[in-house]
Protein chains: 6
Amino acid sequence: MHQSIEHLIELALSEDIGAGDITTDNLIQTDKKAEAVIIAKEPVIAAGLNIAKKVFLKLDSNAVFSPLIKEGEAVKAGDYICKINANFKALLTGERTALNFLQKLSGIATNVKFYTSLLKDKNIKLLDTRKTTPGWRVAEKYAARIGGAANHRFGLFDGVLIKDNHIKAAGSISDAIKTIRKNTSHLLKIEAEASDLIQVKQAVEAGADIIMLDNMKPAMIKDAVKIINKRALIEVSGGINYANIKKFAIDGIDFISSGALIHSARFVDISMYIS
Amino acid sequence: MHQSIEHLIELALSEDIGAGDITTDNLIQTDKKAEAVIIAKEPVIAAGLNIAKKVFLKLDSNAVFSPLIKEGEAVKAGDYICKINANFKALLTGERTALNFLQKLSGIATNVKFYTSLLKDKNIKLLDTRKTTPGWRVAEKYAARIGGAANHRFGLFDGVLIKDNHIKAAGSISDAIKTIRKNTSHLLKIEAEASDLIQVKQAVEAGADIIMLDNMKPAMIKDAVKIINKRALIEVSGGINYANIKKFAIDGIDFISSGALIHSARFVDISMYIS
Amino acid sequence: MHQSIEHLIELALSEDIGAGDITTDNLIQTDKKAEAVIIAKEPVIAAGLNIAKKVFLKLDSNAVFSPLIKEGEAVKAGDYICKINANFKALLTGERTALNFLQKLSGIATNVKFYTSLLKDKNIKLLDTRKTTPGWRVAEKYAARIGGAANHRFGLFDGVLIKDNHIKAAGSISDAIKTIRKNTSHLLKIEAEASDLIQVKQAVEAGADIIMLDNMKPAMIKDAVKIINKRALIEVSGGINYANIKKFAIDGIDFISSGALIHSARFVDISMYIS
Amino acid sequence: MHQSIEHLIELALSEDIGAGDITTDNLIQTDKKAEAVIIAKEPVIAAGLNIAKKVFLKLDSNAVFSPLIKEGEAVKAGDYICKINANFKALLTGERTALNFLQKLSGIATNVKFYTSLLKDKNIKLLDTRKTTPGWRVAEKYAARIGGAANHRFGLFDGVLIKDNHIKAAGSISDAIKTIRKNTSHLLKIEAEASDLIQVKQAVEAGADIIMLDNMKPAMIKDAVKIINKRALIEVSGGINYANIKKFAIDGIDFISSGALIHSARFVDISMYIS
Amino acid sequence: MHQSIEHLIELALSEDIGAGDITTDNLIQTDKKAEAVIIAKEPVIAAGLNIAKKVFLKLDSNAVFSPLIKEGEAVKAGDYICKINANFKALLTGERTALNFLQKLSGIATNVKFYTSLLKDKNIKLLDTRKTTPGWRVAEKYAARIGGAANHRFGLFDGVLIKDNHIKAAGSISDAIKTIRKNTSHLLKIEAEASDLIQVKQAVEAGADIIMLDNMKPAMIKDAVKIINKRALIEVSGGINYANIKKFAIDGIDFISSGALIHSARFVDISMYIS
Amino acid sequence: MHQSIEHLIELALSEDIGAGDITTDNLIQTDKKAEAVIIAKEPVIAAGLNIAKKVFLKLDSNAVFSPLIKEGEAVKAGDYICKINANFKALLTGERTALNFLQKLSGIATNVKFYTSLLKDKNIKLLDTRKTTPGWRVAEKYAARIGGAANHRFGLFDGVLIKDNHIKAAGSISDAIKTIRKNTSHLLKIEAEASDLIQVKQAVEAGADIIMLDNMKPAMIKDAVKIINKRALIEVSGGINYANIKKFAIDGIDFISSGALIHSARFVDISMYIS
């Protein structure tokens, strides 16, 4: 499990338990065991099972967590996701934390899966963005992969994206690309953002490997595709959501990226029952 | 600023910058200053200005952050939220992190404000829940307050809420309340969850200070109000969202709580422009 | 085990071992095992067994720690508290750290038990305070519970206590209680401090749930009890110690709180012997 | 300020404030400033002023902390220790944490000063021990120095002390000292513990630099002094407290060490008043 | 300054100061100021000035650090690197830590500069590797840049490098590249390792963007250059050091990478004098 | 394992893996196991086996690490150091980190062993210094011991070394030693640095336990030995390396210390093969 996710589990338990679970600790003195099931209350793509498992193991190192479906599987309302046999107090104390992870990550996976269904006949890769919950970058991008999207760069460190302000700083897009090519790792391609057709032309001529068409209308995107003429990969971005994505799924583009995949996903309804 | 929020800022910068902002660092060698503005692209309740300020100060300790509105103020599409004068590189590197905080927190505040507008003629307090993003409890509940809700308990440590499983463990609701009263801090009231009218009767007779009517239909809630007859405060909870909240705003209840206030809020559209 | 206590164990081993246990490491090269016993050298209420266990497990993951009494049990001088079978070097290196936890926590439990014996025929709950060793709040309040006291609030976050300065800020005690009632979680009662009978009257009339009689002489406390007349719970606080506590155990009060329970407890005498 | 003390300040504020100071935050909305004084309520040796200062600066970076006495100065009941001008809310929120540090550290300094007064005509150095509050080693030993004691080793890393079990492991005290001398830093002396006169003889002949007479009666100590005959420094230790220390202040010994200096010190009475 | 370097500074001061600088603290009681200079004792490329500055600022927040040369400048034996005006005790306590950073980082920069001089007429970029001191990746790669090398990938996260074992796992190099191309960020190129000419042919035909010629003799490298025929970038790696690098500087290759740039650099001789 | 080394392992994995091992994770989906061997490619003194083991256990808690030689053993080129059976992905991901530790620590041990061979007929102890890689003090000094050196002090906290600037601050070396003797732990000896024969005389007369002859030529060292005449232990230091150490191995001195033992050691050549 990625260190940043282990860290989120610790933060989550710490912020929820604080000085102690006063209801549970003051009511229950025994060490008795119990069984719980986690159930989908609406159709979801389940994500985060290993994280839920870790939550209960942190509270009871003898907990037995049995997944009843596979990570990423589509489940119907009423389906069982997993079963947990553990200390009764650990189940009560960990319930909300485990569910918060499952509901959030499954919410993203479910949302992303819906987006991918809207692109299903197209040869276009759906990408997430860096518009993510601070501290959750790795976890949210993991859920986006589970839902069927590909990840755009994880941060400022693993991909070059030249934006308007970078170009201004460099003098011209051609200078920007030349400088980046000279200074940056030979393992990285160079993506440049263009918001009109003049910038598209400049970017393609300057040798950008990928061109991001930023906030363009579909008609302009079609013109851009012709101008680029396969000399660079094409990413379409800006204000794309489930209501309009089909209009942007234009032949000749390679990628559509949308922050809404992650940042507009809601918690899906998942509950736990202790028997 | 709360320690947990300072910690989120560090996590956010760390996950975004990683080994370095390769685009900016490889393009820009100078120490020149620039000015940026942050602008609402849709109507929002702005939240998180101090956090955005801290993000830029972490990257440039001489940055000057000038808020142009007040925290919690309603702004229209196109309104300026703040101005930042800082090192140009710091602006480029910090932009996404600062916006992610503003978009998320303003998203919650905006969503909550909408819910409160639906309850505006009622003498009912709107409450959040513990269904929050792991690691973000303090920050999200802060944004909910900015939007006009009150906070339910922050965790398992600062409020007693006796649920079904606690009652089973204790034998009866009356035993549960007696035990809790004996063992728990004298500064805390006791809330008990009830999902039918028999449980409501038991809870009120056992002396619960607050009774949570869990997943009840409006008709049953009305009966519960009569049974309770002002002997306890009443919280209505379970599956409440903006589409159905008015039906639950029944006379005689004191609180409505909804996880959707926080967990179904999306990022609102806020952008930064460097001049 | 609470995260804050696990953290104290790490701090303790780190500050004691530093760059290495030079006496043990330079003398003993073998991996031989040994057995140690921990023995009370005076009558104590034993507390902290699980913490001592964890100390040795940190130094030797195969250590076997066998408690010979139960947590919270009263033991006589000469009684065995526990037995540890572990790597000989781990026993030597961990001895002082384990004893420091046991001596301190048992010291508090023993001290608190003595205070409770002084109140034994009274229907008054003994409470600790927030006058605790920085970093040790959860651990010390745990030991106070083991000794028979109840915990007052853990911090500023889980209980409302309106003091003199809060009242000045709010204008009047009645305004303070009204404001707090409006802004604070519905799960919390409100306690107000009063240092004379006028304040007592104001507090009870303003609807405080609990009134703390602060630094009052016994005679004034008796008058306050009459004024309050069961309209609020009563806590007596301020300068109470084992020498004077019986004078404050006045009929009609509900709680006596004393910082001395924790902050004036000394280490009790507990030793370890390796055979 | 030592890192471990800065860490304690963070732990202290975190455990006390938790999710927020609900009384202060819900009552006071303004940013008004106020002045507070911290006053001794009994005669004390004041210690920890810089720590109290740091507590308030953490809560209000513009706080002005004015010491009115010097660190380590003896003050009478009623004397002012310091004055703080800061944000009113910061004063309320930081009061308990700042006082907990001052009361604890001044308590140790005051206790130690009393012990030193009992040895005042003797040429014997008073030493603390490793019987300290876990996590507080550096802070408590600092307070012991303020009170007039010298520090024994800080941990297992900065001094060699050969105890009974080490000798058993090595075969003989002479072997133990030889092995240690060979393996340990040339910058360290070697102290060996002796609990009877035979061991004293062996230790001195084996070339120990310092001999600790452990739990010996005064008569035996006198004999040991004669046997050692200035061939090694002499430390007396074991069960020494303010009631019996004078009996152990025997001519010819160099050091008396006592855990009670630190572990039996209580909080002294110090309060804060906001005007 | 990168978070990982700030963290190293904290570790360094903590491991060196531990429980306190006993020589300095026990000798010097005053707060007097002093001036120090840091001087090269041999010709070096200076690196790490900002880190040395930070070390002294951590120990004395009023320290004034005046660089006398620029980061990356070549200095002769006897040249002054910087001047520090600070608390005398801070200078004594921080000296070794500051020098350790300067000597190590300047050592790398100096070593790398020597390697670049050996390639000076060649159109070949010199690259570092991931053979770095654990915990020091960002710092050491920074020093390599100061010395004139370019950085290869920072870790496993920001560049694809398909090695022998990856190919075995994938079945064939062609399958490996196809799978990686499908699954990995569109912003990354793909580098494949080849250790003989058959593998070179396969890699170039499978569409690798860069081919690493691993542990090949110069003659074989020349053949590989012909086979690749500009269809991919070429990196030469494996056992390259200052003694043999010229033999590997073959026309047609793009990069030479060598772990020795960083891992075989020694501390250079730099001293501090306090006046 | 020392806490600081466990911390380095975490830093190392974190800086290398970052957001994920994109080559391995994107290529290999199975959980298959594999076997790897680690082999010396040149003669080395092997050090760090337990650390390598821990690296793989962090990535696969079921990994089985079998050492094939003993820590500190001399191995020839081609010898197997250890065998690891683990998850195939864990082997690929952990390879570089494990090797970086082994290559660095074995590099130091091998270098130190060479130095000790140069002193083999002399009764002189070889010592390391505080010129170590920041963050690595404990680990590097451990490797120096494995190579056959003894450790000088670990930091400023566990040994007194009076240098020129301390003497200036104290007024005279005699005053410096007197003050230190009074203020510092009775468990510590006192070492003083001397750079000419006058200082040697002063130091020995002032009662220094050890005298460090700093940067003296062999001839002057011989004179110093005569002056000291066994009244203090003698350490020779300053600019000593493998080329000149024999000239400094003068009869009558007790220690030679050299920073080059650690800071001029290079990574030795050690590789891993997965079968």
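Cut-off values and rules
Residues numbered from 1 in each chain as written. Chains lettered and ligands numbered in written order. Predicted model: local features only at pLDDT ≥ 70, side-chain atom pairs only at ≥ 80, totals over all residues. Heavy atoms only, no water. Contact = heavy atoms within 4.5 Å. Least-squares fit on C-alpha atoms with pLDDT ≥ 70 in both. Buried < 20%, exposed > 50% of the residue type's maximum accessible area, 1.4 Å probe, protein only. Helix = DSSP H or I, 4+ residues; strand = E, 2+ residues; numbered from the N terminus. Pairing = 2+ DSSP bridges. Axes fitted to C-alpha atoms, helices over the stretch in contact; angles between N-to-C directions. Parallel < 35°, antiparallel > 145°, perpendicular 65-115°, else oblique. Left-handed = near helix turned anticlockwise from the far one by under 90°. Buried area = accessible area lost by both parts, 1.4 Å probe. Salt bridge = Lys/Arg side-chain N within 4 Å of Asp/Glu carboxyl O. Polar contact = N/O pair within 3.5 Å; in protein donor to acceptor, adjacent residues only side chain to side chain. Nonpolar A, V, L, I, M, F, W, Y, C, P; charged D, E, K, R; others polar. Phe/Tyr/Trp six-rings, centres within 6.5 Å; stacked < 30°, edge-to-face > 60°. Lys NZ or Arg CZ within 6 Å of the ring centre and 35° of its normal. Domains from an automatic or database assignment.

Visitor: I'm lost on the arrangement of the chains in this one. Help?
Guide: These two, chain C and chain E, are apart from each other, with no contact and a minimum C-alpha gap of 8 Å. Structurally, chain B and chain F remain out of contact, their C-alpha atoms never closer than 8 Å.

Visitor: What is the right way to look at the relation of the copies chain B and chain A in this model?
Guide: Superposing the two chain copies requires a rotation about an axis and a translation along that axis. The operation relating chain B to chain A is a screw motion whose rotation component is 180°, with 0.0 Å of axial translation and a residual RMSD of 0.0 Å. Taken together, these values place the two copies in the relation of a two-fold axis. The overlap is high: 100% of the interface residues of chain B also sit at the interface in chain A, so the same surface is used on both sides.

Visitor: Whenever I open this one, the pairing of strand S12 (residues 270–274) of chain D confuses me. Can you help?
Guide: The two faces of a sheet get side chains in turn, since along a regular strand they alternate between them. Residues and elements named next belong to chain D. For S12, the buried fraction is high: 4 of the 5 residues fall into the buried class. Direction of pairing for strand S1 (residues 33–40) relative to S12: antiparallel, over a ladder of 5 bridges. Bridge pairing links Ile38 to Met272 in S12.

Visitor: Any chance you could explain the packing of helix H8 (residues 197–205) of chain F against helix H9 (residues 218–228) of chain F here in plain terms?
Guide: Angle between the axes and distance between the axes are the two parameters that describe a pair of packed helices. Residue and element names in this part refer to chain F. Two elements in contact, H8 and H9, have axes whose closest approach is 10 Å; the angle formed by their N-to-C orientations is 25°. Between H8 and H9, the angle falls in the class roughly parallel. Judged by the sense of rotation from one axis to the other, the crossing of H8 with H9 is right-handed. Mapping the contact onto sequence places Leu197, Val200, Lys201 and Val204 in H8 and Met220, Asp223, Ala224, Ile227 and Ile228 in H9.

Visitor: Got a minute to help me understand the interface of chain B and chain A in this structure?
Guide: Accessible area lost upon the coming together of the parts is a frequently used measure of interface size. With 60 residues of chain B at the contact, the number on the chain A side is 60 residues. Roughly 5,100 Å² of surface becomes buried between chain B and chain A when both sides are summed, with 60% attributable to carbon and sulfur atoms. Viewed at the interface, chain A and chain B are joined by 4 salt bridges. Across the pair A:Asp16 and B:Arg137 runs a salt bridge whose closest N-O atoms are separated by 2.8 Å. Taken together, the links from chain B to chain A amount to 33 residue pairs in polar contact (both at pLDDT 80 or more). Of all the elements in the fold, those that place two or more residues in the side of chain B that touches chain A are helix H1 (3–17), helix H2 (22–27), helix H4 (88–118), strand S7 (160–162), helix H6 (164–170) and helix H7 (173–183) of chain B. Residues that form the side of chain B that touches chain A fall into these classes: 27 nonpolar, 21 polar and 12 charged.

Visitor: I'm lost on the relation of the copies chain F and chain C in this one. Help?
Guide: Placing chain F over chain C gives an RMSD of 0.0 Å and needs a rotation angle of 120°, together with 0.1 Å of translation along the axis. Such a combination of turn and shift is consistent with a three-fold rotation axis.

Visitor: Can you help me understand the packing of aromatic side chains in this one?
Guide: A ring pair, where both rings are aromatic, is described by two values, the distance of the centres and the angle of the planes. Here the structure, examined in full by the defined rule, presents 15 aromatic pairs over all chains. Relative to F:Phe157, the ring of D:Phe157 has its centre 5.5 Å away and its plane inclined at 80°; by these criteria the two rings are edge-to-face. Placement of D:Phe157 in the loop between helix H5 (137–147) and strand S7 (160–162) and of F:Phe157 in the loop between helix H5 (137–147) and strand S7 (160–162) is noted, with the two residues assigned to different chains. For F:Phe157, a relative accessible area of 7% puts it in the buried group. One cation-aromatic arrangement involves D:Lys104 over D:Trp136; the distance from NZ or CZ to the ring centre is 5.2 Å.

Visitor: Please clarify how the environment of D:Gly252 should be interpreted in this entry.
Guide: All names here are of chain D. Here Gly252 lies in the loop between helix H10 (245–248) and strand S11 (255–257). Gly252 sits in the partly exposed class, given a relative accessible area of 39%. Each C-alpha atom, one on Gly252 and one on Asn229, is 8.6 Å from the other, the two residues being 23 residues apart in sequence. Aside from chain neighbours lying at most four places away, what touches Gly252 is Val225 and Ile234.

Visitor: Sorry if this is basic, but what is going on with the pattern of salt bridges here?
Guide: A side chain of one charge can pair with a side chain of the opposite charge if their charged atoms are brought near each other. Under the counting rule described, the total for this entry stands at 72 salt bridges over all chains. Ionic pairing is found between D:Asp60 and D:Lys33, a salt bridge with its closest N-O pair at 3.8 Å. One end of the pair, D:Asp60, is in the loop between helix H3 (49–59) and strand S3 (64–67); the other, D:Lys33, is in strand S1, with 27 residues separating them in the sequence. Judged by relative accessible area, which is 8%, D:Asp60 ranks as buried. By relative accessible area, which is 54% here, D:Lys33 ends up exposed. Where F:Asp25 meets F:Lys89, a salt bridge forms, and the shortest distance between an N and an O atom there is 3.7 Å.

Visitor: What is the right way to look at the interface of chain F and chain C in this model?
Guide: Taken residue by residue, the interface counts 5 residues in chain F and 4 residues in chain C. When the buried area of chain F at its contact with chain C is split by residue, F:His2, F:Gln3 and F:Phe154 rank highest and sum to 82% of it. Here the side of chain F that touches chain C is composed, by residue class, of 3 nonpolar, 2 polar and no charged.

Visitor: Sorry, what's going on with helix H3 (residues 49–59) of chain E here?
Guide: Since the α-helix advances by 3.6 residues per turn, residues separated by three or four positions end up pointing in the same direction. Residues of H3(E) that are buried include every one of E:Leu49, E:Ile51, E:Ala52, E:Val55 and E:Phe56, and no others. Those residues of H3(E) that are buried are in contact with helix H1 (3–17), strand S3 (64–67), strand S5 (80–87), helix H4 (88–118) and strand S12 (270–274) of chain E.

Visitor: Sorry, what's going on with the domain arrangement of chain A here?
Guide: Residue and element names in this part refer to chain A. Assigned domains within chain A: domain 1 (3–114 + 266–274) and domain 2 (117–263). Using only C-alpha atoms to locate each centre, domain 1 and domain 2 end up separated by 36 Å. Each partner contributes to the interface: domain 1 provides 17 residues, whereas domain 2 provides 20 residues. Together, Ile108, Val112 and Phe114 form the three largest contributors to the area buried by domain 1 at its contact with domain 2, with a combined 36%. The interface formed by domain 1 and domain 2 holds 1 salt bridge in total. Of the residues forming the side of domain 1 that touches domain 2, the biggest block, 9 residues, is contributed by helix H4 (residues 88–118). For the side of domain 1 that touches domain 2, the residue count by class is 11 nonpolar, 3 polar and 3 charged.

Visitor: Looking at this structure, how should I read the sheet that holds strand S12 (residues 270–274) of chain B?
Guide: Backbone hydrogen bonds hold the strands of a sheet together, and the pairing may be parallel or antiparallel. Residues and elements named next belong to chain B. In spatial order, the strands read S3-S5-S1-S12; together these 4 strands make up an open sheet with antiparallel pairing. Only two strands of the sheet have a single neighbouring strand rather than two, namely strand S3 (64–67) and S12. Shown here is a sheet whose adjacent strand axes are inclined to one another by a mean of 15°, direction ignored. Set on the sheet, helix H3 (residues 49–59) makes contact with S3, strand S5 (80–87) and S12; between it and S3 the angle comes to about 165°. Lying on the sheet, H4 is in contact with strand S1 (33–40), S5 and S12; it crosses S12 at an angle near 165°.

Visitor: Which parts of the structure should I look at to understand the sheet that holds S11(D)?
Guide: Residues and elements named next belong to chain D. Strands sit in the order S6-S11-S10-S9-S8-S7 across an open sheet of 6 strands; the sheet is parallel. Across the chains shown, the open sheet's two edge strands, defined by having one partner strand only, are strand S6 (125–127) and S7. On average, each strand axis in the sheet is inclined to that of its neighbour by 25°, with strand direction left out of account. Sheet analysis places strand S10 (residues 233–237) next to S11, joined by 3 bridges and oriented parallel. In the sheet register, Glu235 faces S11, and the bridge partner there is Phe255.

Visitor: I would appreciate a short explanation of the side chain of E:Thr97 in the present structure.
Guide: Residues and elements named next belong to chain E. Structurally, Thr97 can be placed in helix H4. Under the relative-accessibility criterion, Thr97 is labelled buried at 3%. Sequence-distant contacts of Thr97, that is, excluding residues within four places in its chain, are made with Ala12, Leu13, Asp16 and Val55.

Visitor: Just checking my understanding: could you explain unusual backbone geometry for this structure?
Guide: Unusually for a residue other than glycine, A:Asn215 sits at a positive phi of about 60°. The topology assignment puts A:Asn215 in the loop between strand S9 (210–214) and helix H9 (218–228). Phi at C:Lys230 takes a positive value of approximately 65°, unusual for a residue other than glycine. Among the secondary structure elements, C:Lys230 is positioned in the loop between helix H9 (218–228) and strand S10 (233–237).

Visitor: Sorry, what's going on with the packing of H4(B) against helix H5 (residues 137–147) of chain B here?
Guide: Residue and element names in this part refer to chain B. Put simply, H4 and H5 touch, their axes get as near as 7 Å, and they point 45° apart. Considering the angle they form, H4 stands oblique to H5. In the crossing of H4 with H5, the sense of the turn from one axis to the other is right-handed. Residues Lys104, Leu105, Ile108, Ala109, Val112, Lys113 and Thr116 of H4 lie in contact with H5, whose contacting residues are Ala139, Glu140, Ala143, Ala144, Ile146 and Gly147.

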